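# Structure assessment
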Amino acid sequence: GLLALMNRVYEEMEHKEWYVTDDREFLLALLEREGFLLKAEEKSGGVLAGFLAVRIPRLAEDNLGRCLGYSPDQLLWTAHMESAAVASGFRGYGLQGRLMAEAEIILAEKGFCRLLGTVHPDNCYSRNHFLRLGYHAAARREKYGGLPRDIMEKIINEGIF
């Protein structure tokens, strides 16, 4: 499942500091009350090719919008592109970017205005997915136990706030 794929991707990574895995509790909370998951499966066999976890943190202390000085109203309409993982046999086809683009459509329809995510400054693969979708690096902070991360930001539904 999702956790197995996430852990397999982590184990295969040359630069372990580029990727932080989530635990079962995080994913369950996400599904139950804080967001949604998008999965990509192989057409013929239903093999999990990749997934994207999207979190809606509202006024939580770890809402990345707090690092960018967002107002409480802006925090309420912020979504995080959280964890993404793509199985090794499916890399190189832009799957992470396609999952993010699909998530953006869902979030825009629900009225979300600010989309955020984090990427290690040296992770050109994930960074390029963000950049191709119109995100920019809004700040650099230490996250996840002191690891450097760029906070990537995209404003949609701009007229609302």
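Please refer to the structure higher up on the page.
Residues numbered from 1 in each chain as written. Predicted model: local features only at pLDDT ≥ 70, side-chain atom pairs only at ≥ 80, totals over all residues. Heavy atoms only, no water.

### Things to note about the pairing of strand E5 (residues 136-143)
Inspection of the sheet shows E5 paired to strand E6 (residues 147-155) by seven bridges, in the antiparallel sense. Its bridge partner lying in E6, arginine 141 is registered against arginine 149. Following E5, the chain reverses through three residues before pairing antiparallel with E6; tyrosine 144 in that reversal takes a positive phi of roughly 55 degrees. (Pairing = 2+ DSSP bridges. Helix = DSSP H or I, 4+ residues; strand = E, 2+ residues; numbered from the N terminus.)

### Description of the layout of surface pockets
Taken as a whole, the largest pocket encloses approximately 990 Å³ of empty space. Lining the largest pocket are 41 residues, with Tyr19, Ala84, Gln96, Asn123 and Ser126 positioned closest to its centre. Looking at the lining of the largest pocket element by element, the count peaks at seven residues for strand E3 (residues 78-86). Here the lining of the largest pocket is built from residues that sort into 20 nonpolar, 12 polar and nine charged. (1 Å grid on protein atoms, 1.4 Å probe; cavity = no way out; pocket = protein on both sides within 12 Å on 5 of 7 lines; lining within 4 Å. Points joined across faces, edges and corners; volume = space filled by probe spheres on them. Nonpolar A, V, L, I, M, F, W, Y, C, P; charged D, E, K, R; others polar.)

### Here we look at the sheet that holds E6
Taken in spatial order, the six strands of this open sheet run E1-E2-E3-E4-E6-E5, and their pairing is mixed. Only two strands of the sheet have a single partner each, and these edge strands are strand E1 (35-41) and E5. Strand after strand, the sheet turns through a mean of 25 degrees between neighbouring axes, direction not considered. Sheet contacts for helix H1 (residues 2-12): E1, strand E2 (48-55) and E3; angle to E2, the most-contacted strand, approximately 100 degrees. Contacts from helix H4 (residues 95-109) reach E1, E2, E3, strand E4 (114-119) and E6 within the one sheet, and its direction differs from that of E1 by about 140 degrees. (Axes fitted to C-alpha atoms, helices over the stretch in contact; angles between N-to-C directions. Contact = heavy atoms within 4.5 Å.)

### With respect to the pattern of salt bridges
Evaluation of the coordinates by the stated rule reveals 10 salt bridges. We note a salt bridge from glutamate 41 to lysine 39, for which the minimum N-O separation is 3.6 Å. Look at glutamate 41 and you get partly exposed, because its relative accessible area is 45%. Looking at lysine 39, the relative accessible area reads 51%, which means it is exposed. (Salt bridge = Lys/Arg side-chain N within 4 Å of Asp/Glu carboxyl O. Buried < 20%, exposed > 50% of the residue type's maximum accessible area, 1.4 Å probe, protein only.)

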